Amino acid sequence: MAGKKNWYIVDGYKPPLKEGGDPNYIGHECIMILNTNTQDAHCVIDVYFSDRDPVLGIPYLAPAQRISAFYSHDEFLKDVGLGQNVQYSLCITSDVDVIVQYGRMDVNQKNLAYIALLGHSE
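Residues numbered from 1 in each chain as written. Predicted model: local features only at pLDDT ≥ 70, side-chain atom pairs only at ≥ 80, totals over all residues. Heavy atoms only, no water.

A. Focus on the confidence of the model for the protein. For the protein, per-residue confidence averages 86 on the pLDDT scale, and residues scoring 70 or more make up 83% of the total. In the model of the protein, strand 7 (residues 113–118) stands out as the element of lowest mean pLDDT, 70, in contrast to strand 4 (residues 55–62), which has the highest, 98. (pLDDT = per-residue confidence, 0-100. Helix = DSSP H or I, 4+ residues; strand = E, 2+ residues; numbered from the N terminus.)

Structure (structure tokens):
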């Protein structure tokens, strides 16, 4: 199967809506996990910050033969503090090989910007 067990997203950051931005769009970050295996992927998410201790051991289940996604503002991450203007990095480990991609929609301008990138894997 394709993928790796260890993934790193280094540039986690949800920019604020700045003056002049389009209020009809909501900025977000999304982490997508593709699990092509026939068994569920039991993942663990560790969050690292530049100015405080990490939050380690957050469980996440990526169902077998599915794409699953979560946002930095999802309920299971609410106590982690991934609000606007917070710089962070993620380490996602899985018990089976998966593929992890990160996306960010920045709505600071009327044309908005979206980035999508694969995490670093090993």
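On we go.
B. Quick peek at the pattern of salt bridges. Counted under the stated rule, the structure contains three salt bridges. For E75, the salt bridge identified is with K78, shortest N-O distance 3.2 Å. Pair check on accessibility: E75 and K78 agree, each one exposed. (Salt bridge = Lys/Arg side-chain N within 4 Å of Asp/Glu carboxyl O. Buried < 20%, exposed > 50% of the residue type's maximum accessible area, 1.4 Å probe, protein only.)

C. Molecular detail of the pairing of strand 3 (residues 41–49). Where strand 3 lies against strand 4, six bridges are found, and the strand directions are antiparallel. Following the sheet pairing, H42 is matched in strand 4 by L61. Counting the residues that bridge the hairpin from strand 3 to strand 4 gives five residues. In the sheet, strand 3 pairs with strand 6 (residues 88–106) via seven bridges, with the strands oriented antiparallel. By the bridge assignment, I45 is partnered in strand 6 with I92. (Pairing = 2+ DSSP bridges.)

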